[in-house]
Amino acid sequence: MNSDQRVAILTGGSGGLVPAIAEELAKAGFDIVLTARGHDSLAAVAESLRARVGTPIAALVSDARDAASAHALTARVLDQFGRIDVLVNAAASSTPIGGAIEEVDVDALIADVNVKVGGYMRYAQAVVPAMKRQGGGHIVNIGGLTGRSSDTLSGLRNAAVTHMTKVLADQLGPSGITVNTVNPGITRTPHLDELFAEMAEERGTTRQAIEEEFIRDIPMRRFVNPAELGMMVAFLAGPGGAAVTGQALTVDGGYTRGIYL
C-alpha cells in the first residue's frame, strides 16, 4: 500500500460509460476501484482494464441502494489503498421511465431515483470523511441531458443530481472537496447500438438511417466517444480542475441548444 498514490472509486463499474472513464483516470495515474452489484460482469470489466493500463484495478462488490454497503466498500478501499481521492458516481438503471401520467409506474420511478440519486448520496456520505481527513478530494456525478428536458419523467433523477451537486459543492468547498456533474450527450456504447436497432425495427427502417437522423441534430455531426467523457472526468479530478466546483458540465458535441447563464 502506497498512501501517496491517488485512488479513484467508480460506481456502476460493470459497464456503460464507466470503463472508459476508469481507463482515462488510470492513464492520469490513479489506482482504480470499480464497484457494482454484479460480481461477474464487474470482474470482467476489471480484467479487461488490467490488460490495457498499468495501474492497479480493484473490483469490489457493493450496492448503491444500501448505505451499509457503501460504508463497507469505503472501509475496504481505505484498508487496501490507504486513501480515497476521487469518487465518480455513475450507478444507475438504463431503462427510462415515462409515458402518460395515468400509466406511470410510480414505484418503479421512485426505485430508479433511489438507485441514482440516493446511491450517489450514500457513496458521498461514505467517502467524504476520508477526503476531509486528507484535506480534499473530488466527487464527479454522472448526470444526463434528460434532466434538462421534458422527454421522460425519469429525467427528474438527473435534475435532482444537478441540484445535489450544487448543494454538496457549497458544503464541501471549505474542506477542499470539489463536486461537479458531467452530463453525457449521445455517446457511442453497445447500449446505444441496441437502442437504435430497436427503433429501426419499430419504424421499419435501418439502424444507419436512425443514426443519421440523430447525427443531423448534433453540430459536431458525430456521437460522443466514451473516452471524451473520461478525459473530462480526469480533468475535474486533476490539478486543472481544482477551482471548478458546483458545475454541470455537458459533453455532447453541441447537441444541447439551451443557453444556461
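Residues numbered from 1 in each chain as written. Predicted model: local features only at pLDDT ≥ 70, side-chain atom pairs only at ≥ 80, totals over all residues. Heavy atoms only, no water.

Visitor: Can you explain the packing of aromatic side chains? Please cite residues and give values.
Guide: A complete count under the given rule lists two aromatic pairs for this structure. Seen from their ring centres, phenylalanine 196 and phenylalanine 223 are 5.7 Å apart, and the 40 degrees between their planes marks the pair as tilted. On the criterion of sequence distance, the pair formed by phenylalanine 196 in helix α6 (residues 190–203) and phenylalanine 223 in the loop between α7 (207–215) and α8 (226–236) is long-range, its members being 27 residues apart. Across the pair, phenylalanine 223 and phenylalanine 196 agree in class, each one buried. One aromatic cluster in this structure is built from Phe196, Phe214 and Phe223. Taking the ring centre of phenylalanine 30 as reference, the NZ or CZ of arginine 6 above it sits at 4.0 Å. (Phe/Tyr/Trp six-rings, centres within 6.5 Å; stacked < 30°, edge-to-face > 60°. Helix = DSSP H or I, 4+ residues; strand = E, 2+ residues; numbered from the N terminus. Buried < 20%, exposed > 50% of the residue type's maximum accessible area, 1.4 Å probe, protein only. Lys NZ or Arg CZ within 6 Å of the ring centre and 35° of its normal.)

Visitor: Tell me what's going on with the side chain of arginine 122, and back it up with residues and numbers.
Guide: One can find arginine 122 in helix α4 (residues 106–134). An unpaired buried charge is present at arginine 122: no salt bridge exists, and aspartate 66, the closest side chain of opposite charge, is 6.7 Å distant. What arginine 122 contacts, discounting residues up to four positions off in sequence, is Ala64, Arg65, Asp66, Ala67, Ala70 and Asn114. (Lys, Arg positive; Asp, Glu negative; His and termini not counted. Salt bridge = Lys/Arg side-chain N within 4 Å of Asp/Glu carboxyl O. Contact = heavy atoms within 4.5 Å.)

Visitor: Lay out a negative patch on the surface with the relevant residues and their values.
Guide: A contiguous patch of negative charge on the surface is contributed by Glu194, Glu198, Glu201 and Glu202. Summarising the element assignment, glutamate 201 is placed in helix α6. (Patch = residues over 30% accessible without salt bridge, like charges linked within 9 Å, V, L, I, M, F, W, Y side chains within 5 Å. Areas by Shrake-Rupley, 256 points an atom, 1.4 Å probe, with all protein chains shown as cover. Charge placed at Lys NZ, Arg CZ, Asp CG, Glu CD.)

Visitor: Report on the pattern of salt bridges, specifying residues and quantitative values.
Guide: A full pass over the atoms with the stated rule returns 12 salt bridges. With a closest N to O distance of 3.9 Å, lysine 27 and glutamate 23 form a salt bridge. With lysine 27 and glutamate 23 both in helix α1 (residues 18–27) and four residues apart, the pair spans about one turn of that helix. A residue is classified by how much of its surface remains accessible, and lysine 27, at 56% relative accessible area, is exposed. A relative accessible area of 16% means that glutamate 23 is categorised as buried. Between arginine 222 and glutamate 228 there is a salt bridge whose closest N-O contact spans 2.7 Å.

Visitor: So, the pairing of strand β4 (residues 86–89): which residues are in play, and what are the values?
Guide: Residue alternation in β4 divides its side chains into two sets, Val86 and Val88 and Leu87 and Asn89, and both sets are buried. Relative to β4, strand β1 (residues 7–11) is paired through three bridges, and the arrangement is parallel. Across the sheet, the residue bridging to isoleucine 9 is leucine 87, located in β4. In this sheet, strand β5 (residues 137–142) lies alongside β4 in parallel orientation, the contact comprising four bridges. What sits directly across from valine 88, in β5, is valine 140. (Pairing = 2+ DSSP bridges.)

Visitor: Describe the sheet that holds β4, with residues and values.
Guide: Sheet strands line up and pair through hydrogen bonds in the backbone, either parallel or antiparallel. Spatial strand order, β3-β2-β1-β4-β5-β6-β7: seven strands in an open sheet with parallel pairing. Looking at strand neighbours, the two that pair on one side only are β3 (57–61) and β7 (248–251), the edges of this open sheet. On average, adjacent strands in this sheet sit at an angle of 20 degrees to one another, irrespective of strand direction. Two strands pair when backbone bridges link them, and strand β2 (residues 31–36) and β3 are joined in this way by five bridges, in the parallel orientation. Bridge pairing in β3 links alanine 36 to valine 61. Contacts between helix α5 (residues 156–172) and the sheet are confined to β5, β6 (177–184) and β7, with β6 contributing the most and set at about 165 degrees to the helix. (Axes fitted to C-alpha atoms, helices over the stretch in contact; angles between N-to-C directions.)

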